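Given next are the chains, with one letter for each unit.
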Amino acid sequence: EPEVTQTPSHQVTQMGQEVILRCVPISNHLYFYWYRQILGQKVEFLVSFYNNEISEKSEIFDDQFSVERPDGSNFTLKIRSTKLEDSAMYFCASSLRGPGDTQYFGPGTRLTVL
Amino acid sequence: KQEVTQIPAALSVPEGENLVLNCSFTDSAIYNLQWFRQDPGKGLTSLLLIQSSQREQTSGRLNASLDKSSGRSTLYIAASQPGDSATYLCAVKGDNDMRFGAGTRLTVKP
């Protein structure tokens, strides 16, 4: 069964460094998403992406964040200058037809900012 | 701003019992509601998606209902099994984002 994959599973970085989290969505899906979950807190929506453009973003997704689909298979989340509070589990998801469709989540990348 | 609440926060039941998990939301202007399962340290697995025009969805031993006007959804699990132990999240899709509840941590004891 097709699944969303994410790399790395765990990333440790120093405050102020740039990180890129990578995702491979399900191959025929057209809509892509990033979420985060700070330890012990709710899952939070960050951004949705369709047709090489951001379609929706939350107030969390500020200028420090960017997303890109650099090729036909990868979808990335970049954090330009990491802060301690960026430490969280980051989930990528994809859906076939759009935000109203079932979203399939990857296993997550645990980001630890020291 | 949409707020999603799940009650109870934790639930422990003996194997074989039927159970109901609750989800409430404050803004009835939603596109859909999705129930997920999250195992410790893992990603989210989609269980059921209910569109705003629907009243319920069923998959195997799971049944989810939606009452948009009252801002409520329930997830019914029949004949619970130890393998059902996980955290169950509901998420509401609105205009600009998807809002999650904090989840119900379910333990099914053999």
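Look a little higher up for the structure.
The following refers to the structure shown. (Residues numbered from 1 in each chain as written. Chains lettered and ligands numbered in written order. Predicted model: local features only at pLDDT ≥ 70, side-chain atom pairs only at ≥ 80, totals over all residues. Heavy atoms only, no water.)

What about the sheet that holds strand β6 (residues 56-59) of chain B?
All names here are of chain B.
Point 1. Reading across from one edge, β1-β3-β8-β7-β6 is the order of the five strands in this open sheet, with antiparallel pairing throughout. Single-partner strands in this sheet number two, and they are β1 (4-7) and β6. The mean angle between the axes of side-by-side strands here comes to 15°, regardless of whether they run parallel or antiparallel. (Pairing = 2+ DSSP bridges. Helix = DSSP H or I, 4+ residues; strand = E, 2+ residues; numbered from the N terminus. Axes fitted to C-alpha atoms, helices over the stretch in contact; angles between N-to-C directions.)

Structural notes on the side chain of K93 of chain B
Point 1. Mapped onto the elements, K93 of chain B comes out in strand β9 (residues 86-93).
Point 2. The buried category is assigned to K93 of chain B, whose relative accessible area is 3%.
Point 3. A distance of 3.3 Å separates a polar atom in the side chain of K93 of chain B from a polar atom in the side chain of E56 of chain A.
Point 4. Here K93 of chain B is in contact with E56 and P99 of chain A together with I30, Y31, N32 and M98 of chain B, once residues within four sequence places are set aside. (Buried < 20%, exposed > 50% of the residue type's maximum accessible area, 1.4 Å probe, protein only. Polar contact = N/O pair within 3.5 Å; in protein donor to acceptor, adjacent residues only side chain to side chain. Contact = heavy atoms within 4.5 Å.)

Observations regarding the pattern of salt bridges
Side chains that carry opposite charge are capable of pairing whenever their charged atoms lie near each other.
Point 1. As enumerated under the stated definition, the model contains six salt bridges over all chains in all.
Point 2. Here R36 of chain A and E44 of chain A are joined by a salt bridge, their closest N and O atoms 3.0 Å apart.
Point 3. Judged by its relative accessible area of 10%, R36 of chain A falls in the buried class.
Point 4. Classification of E44 of chain A by relative accessible area gives partly exposed; the value is 24%.
Point 5. The partner of D84 of chain B in a salt bridge is R61 of chain B, and the shortest N-O contact between them spans 2.9 Å. Of the two residues, D84 of chain B is situated in the loop between β8 (72-77) and β9 and R61 of chain B in the loop between β6 and β7 (62-67); the sequence distance between them amounts to 23 residues.
Point 6. Taking the relative accessible area as the measure of exposure, D84 of chain B reaches 8% and is therefore buried. (Salt bridge = Lys/Arg side-chain N within 4 Å of Asp/Glu carboxyl O.)

Topic: the interface of chain A and chain B
Point 1. The partner chain B presents 23 residues to the 17 residues of chain A that form the contact.
Point 2. A buried area of about 1,500 Å², summed over both sides, lies between chain A and chain B, and 53% of it is on carbon and sulfur atoms.
Point 3. Area buried by chain A at its contact with chain B is led by K42, V43 and F105 of chain A, which between them contribute 31% of it.
Point 4. Of the charged contacts in the structure, one is a salt bridge between K93 of chain B and E56 of chain A, with a shortest N-O distance of 3.3 Å.
Point 5. The interface formed by chain A and chain B includes three residue pairs in polar contact (both at pLDDT 80 or more).
Point 6. Listed by contribution, the elements that provide at least two residues to the side of chain A that touches chain B are β4 (31-37), β5 (43-50) and β9 (88-95) of chain A.
Point 7. Here the side of chain A that touches chain B is built from residues that sort into eight nonpolar, five polar and four charged. (Buried area = accessible area lost by both parts, 1.4 Å probe. Nonpolar A, V, L, I, M, F, W, Y, C, P; charged D, E, K, R; others polar.)

Regarding the pairing of strand β11 (residues 104-109) of chain B
All names here are of chain B.
Point 1. In β11, alternate side chains face the same way, and those of T104, L106 and V108 are buried while those of R105, T107 and K109 on the opposite face are not.
Point 2. Relative to β11, strand β2 (residues 10-14) runs parallel, the two being bridged by five bridges. Residue A10 lies in a different strand from β11, and its bridge partner there is R105.
Point 3. By the bridge criterion, three bridges tie β9 to β11 in an arrangement that is antiparallel.

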